[in-house]
Amino acid sequence: MKQQNYNNHRKFYPPHHFIYLPILIFLEGFGIYKIWNDPGNQLIWILFSIVIFLLFYLAFMTRQHYALGLQNRMVILEFRQRYFEIFNLSSDETVEKLRFDQIAALRFAYDDEFKELLYRALHENISGDEIKKSIKNWKPDLLRI
């Protein structure tokens, strides 16, 4: 991967942003135009426009996917911050050894259990579900979306 800088830091998904969405917008506009200018096939163009709208709506909803990706990044950042606060060490190596389900599960443990469960996750490779079941004093995540 190239080194990131100001000129290349933006991320676009070209098939989505520069091909798929523009084509859908054009087709929706074309379908609406044909509804008014092709009265003999108006029903077909209405159905066409509805299908294109639904495809556009699904494309728009991929933003939900992006939001989940962002939420996962935040969980990892929270883990890194907590790890630093507890151990006063960088968490880079530790994060690389853990799976996301383990990191996410560790959020629910208070600091005393966090250390023990982190050790088990690293050395016994217990799953996120096993980590959650092992927590004796559950730390709630009341800000979860």
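Residues numbered from 1 in each chain as written. Predicted model: local features only at pLDDT ≥ 70, side-chain atom pairs only at ≥ 80, totals over all residues. Heavy atoms only, no water.

Phe79, Leu98, Leu106, Leu118 and Ile131 are the most contacted members of the largest nonpolar core, which totals 18 residues. If you list the elements that add at least two residues to this core, you get α2 (42-87), α4 (100-106) and α5 (111-124). Beyond its immediate sequence surroundings of up to four residues, Leu106 is in contact with Phe79, Arg82, Leu98, Phe114, Leu117, Leu118 and Ile131. (Core = buried A, V, L, I, M, F, W, Y, C linked by side-chain atoms within 4.5 Å. Buried < 20%, exposed > 50% of the residue type's maximum accessible area, 1.4 Å probe, protein only. Helix = DSSP H or I, 4+ residues; strand = E, 2+ residues; numbered from the N terminus. Contact = heavy atoms within 4.5 Å.)

To continue, consider the pattern of salt bridges. Summed over the entire model, instances satisfying the criterion amount to six salt bridges. Among the ionic pairs, Glu124 bridges to Arg120, the shortest N-O distance being 3.2 Å. With a gap of four residues between them, Glu124 and Arg120 both fall in helix α5, about one helical turn apart. The partly exposed category is assigned to Glu124, whose relative accessible area is 48%. Among the ionic pairs, Asp129 bridges to Lys133, the shortest N-O distance being 3.3 Å. Remark: Lys133 and Asp129 occur in helix α6 (residues 128-134); sequence separation between them is four residues, near one turn of the helix. (Salt bridge = Lys/Arg side-chain N within 4 Å of Asp/Glu carboxyl O.)

Interaxial distance between helix α1 (residues 14-37) and α2 falls to 8 Å at its minimum, and their mutual angle equals 155°. Here α2 runs roughly antiparallel to α1, going by the angle between their axes. Read as a crossing pair, α1 and α2 show a hand that is left-handed. Side by side, α1 and α2 meet where His16, Tyr20, Leu21, Leu24, Ile25, Leu27, Glu28, Phe30, Gly31, Ile32, Lys34 and Ile35 of the first sit next to Gln42, Trp45, Ile46, Phe48, Ser49, Ile52, Phe53, Leu55, Phe56, Ala59, Thr62 and Tyr66 of the second. Grouping the constituent residues of the contact of α1 with α2 by class yields 17 nonpolar, five polar and two charged. (Axes fitted to C-alpha atoms, helices over the stretch in contact; angles between N-to-C directions. Parallel < 35°, antiparallel > 145°, perpendicular 65-115°, else oblique. Left-handed = near helix turned anticlockwise from the far one by under 90°. Nonpolar A, V, L, I, M, F, W, Y, C, P; charged D, E, K, R; others polar.)

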